[in-house]
Amino acid sequence: MKKVMMILILLLAVFGFSWSGHDALTYLIVSQYEEVFDKYVEITPYTYADVDTREYNPAIEGFYDYLGEPYLPKEDLDLYSAVFPNPKPVDDKAPMWQILSVYSYEPDLGMDKGLELKGIETLLGDSQGLRHMEYRMLFFIRVGEVTDVVQYFSDLAEIAYSRGDHYWAYRFMGRAIHYLEDVGQPFHTFPAPFFELLKLPFNMDKWLAIFANYHFAYDFYGGYLIWGQYEPLLMALEEVPARIVRNPKQAAVDLRKYSREKLNPVYYELKHVMGNELEKPQAVWLGKEYFDDLHEAGKTSKLDNLSVEILRETASYVKGYINYMLNRFAAIDSES
């Protein structure tokens, strides 16, 4: 059992990325709440050290302000296409849709890296995967804490709102949306189909690299569809109804269960379409030109359908989460 746990932690260490295009995905969802999120709020400094007990990357002093600034990591630049404007704040104010969209990308910009790891967690080597993924096996083995993090930042958002600080309420909420979207990525729920993992002991280095290639390829392929504003995806995001969300963590747990069931079909469709590239014993980075060629050759229809279905379900939970938080904020207003 200890060996299984160590293998899962080692796999978690390899996979530090998440869906590309969090910002655009969030924008495409929140833009459907035009009247709600068009309101401008004042940008305020971070003043939550008394309640924000989570550690952050010590290399980041405070938190950067990304509104009106470039923020994408270099690995996403090849896929990126502007889906929404990111203007500089005017008179230290910004619209809530911009805050939610931009800061739904923030957790991928280094805040979860470089943290002290203890005990068996030291096998990770890097802390980001621990917060962005969650592997479960045999019901009692759990590696990763992403469902907890969704709840954590939702609680902080409510605290900020109760203090009258709408900027940090929505910035914390944007972070929570990021982690909720992460559990919609099947490779954030388990590294590969179980029977594929049985290959690990025969050549650990080779198969760690291959499983990482599958994970990263699907991260980037999601971004390719989102930033590329793939028409069936846009329609799905617009039409999908909101889930009923009663608490943020349970929403994340439920979405994680759904996306875990999609891991095998996604993995084997990636293998069918891109296996010649992905099953190499070294890191492989697939970009827009490669995905364009596959699309033009008509090879991605099944993968596209799967991806639209998964992102549609993810959007349903995000919409439900937004409705939940708006109701919580309204309750705070009514009590004040």
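Before any of the text, the structure's been laid out above.
Residues numbered from 1 in each chain as written. Predicted model: local features only at pLDDT ≥ 70, side-chain atom pairs only at ≥ 80, totals over all residues. Heavy atoms only, no water.

A. Region of interest: the overall build of the protein chain. Along the protein chain, the regular secondary structure elements total 14 helices and four strands. Burial statistics for the protein chain: of 336 residues in total, 56% are counted as buried. For the protein chain, the accessible area works out to roughly 14,700 Å², and carbon and sulfur atoms hold 52% of it. (Helix = DSSP H or I, 4+ residues; strand = E, 2+ residues; numbered from the N terminus. Buried < 20%, exposed > 50% of the residue type's maximum accessible area, 1.4 Å probe, protein only. Areas by Shrake-Rupley, 256 points an atom, 1.4 Å probe, with all protein chains shown as cover.)

B. Region of the structure containing the nonpolar core. Residues F37, F153, Y170, M173, M274 and I322 are the most contacted members of the largest nonpolar core, which totals 110 residues. Those residues in contact with F37 that lie beyond four places of it in its chain are V30, P95, M96, W97, L100, Y170, I322 and L326. (Core = buried A, V, L, I, M, F, W, Y, C linked by side-chain atoms within 4.5 Å. Contact = heavy atoms within 4.5 Å.)

C. Spatial organisation of the pattern of salt bridges. Counted according to the given criterion, the structure contains 15 salt bridges. Among the salt bridges present, the one from E145 reaches R54, with a minimum N-O distance of 3.0 Å. Residue E145 is located in the loop between β4 (141–144) and α6 (146–162), and its partner R54 is located in the loop between β1 (40–42) and β2 (93–95); the two are separated by 91 residues in the primary sequence. You can call E145 partly exposed: its relative accessible area is 21%. Of the charged contacts in the structure, one is a salt bridge between E309 and K262, with a shortest N-O distance of 2.8 Å. Within this pair, whereas E309 is found in helix α14 (residues 301–335), its partner K262 is found in the loop between α11 (248–261) and α12 (263–278), the two being separated by 47 residues in sequence. (Salt bridge = Lys/Arg side-chain N within 4 Å of Asp/Glu carboxyl O.)

D. Representation of the environment of D50 within the structure. Following the sequence through the fold, D50 ends up in the loop between β1 and β2. Classification of D50 by relative accessible area gives exposed; the value is 55%. Engagement of the side chain of D50 in a polar contact is seen with the side chain of R163, the distance being 2.7 Å. (Polar contact = N/O pair within 3.5 Å; in protein donor to acceptor, adjacent residues only side chain to side chain.)

E. Here's a closer look at the environment of K299. Mapped onto the fold, K299 is located in the loop between α13 (288–296) and α14. With 27 residues separating them in the primary sequence, K299 and H272 have C-alpha atoms 9.3 Å apart. Ignoring any residue separated from it by four or fewer positions in sequence, one finds K299 in contact with V273 and L294.

F. Layout of a nonpolar patch on the surface. A cluster of nonpolar side chains, namely F194, F195 and L198, defines an oily patch on the protein surface of about 330 Å² accessible area. Along the polypeptide, F194 turns up in helix α8 (residues 194–197). Here F194 falls in the partly exposed class, since its relative accessible area comes to 38%. (Patch = residues over 30% accessible without salt bridge, like charges linked within 9 Å, V, L, I, M, F, W, Y side chains within 5 Å.)

G. Region of interest: the packing of α11 against α12. Across the interface, α11 lies against α12 with an axial gap of 4 Å and an inter-helix angle of 40°. Considering their axes alone, α11 and α12 lie oblique with respect to each other. Facing S259, R260 and E261 of α11, the residues of α12 in contact are L263, N264 and P265. (Axes fitted to C-alpha atoms, helices over the stretch in contact; angles between N-to-C directions. Parallel < 35°, antiparallel > 145°, perpendicular 65-115°, else oblique.)

H. Region of interest: the packing of aromatic side chains. Following the criterion strictly, the structure yields 39 aromatic pairs and no others. The positively charged end of R175 is found above the aromatic ring belonging to F63, 4.3 Å away from the centroid. (Phe/Tyr/Trp six-rings, centres within 6.5 Å; stacked < 30°, edge-to-face > 60°. Lys NZ or Arg CZ within 6 Å of the ring centre and 35° of its normal.)

I. Structural detail: α12. A rise of 1.5 Å per residue sets the reference length of α12, with its 16 residues, at 22 Å; its end C-alpha atoms lie only 16 Å apart and thus fall more than 12% short of the reference. Where α12 bends most, the angle comes to about 65°, and this point is H272. Those residues of α12 lying buried are L263, V266, Y267, E269, L270, V273, M274, G275 and L278. Here the buried face of α12 lies against α8, α9 (204–227), α11, α13 and α14. (Expected span 1.5 Å × (residues − 1). Bend = angle between axes of the 7 residues up to and from the residue.)

J. A look at the side chain of T300. Along the chain, T300 turns up in the loop between α13 and α14. You can call T300 buried: its relative accessible area is 2%.

That's the geometry; what it means functionally is another story.
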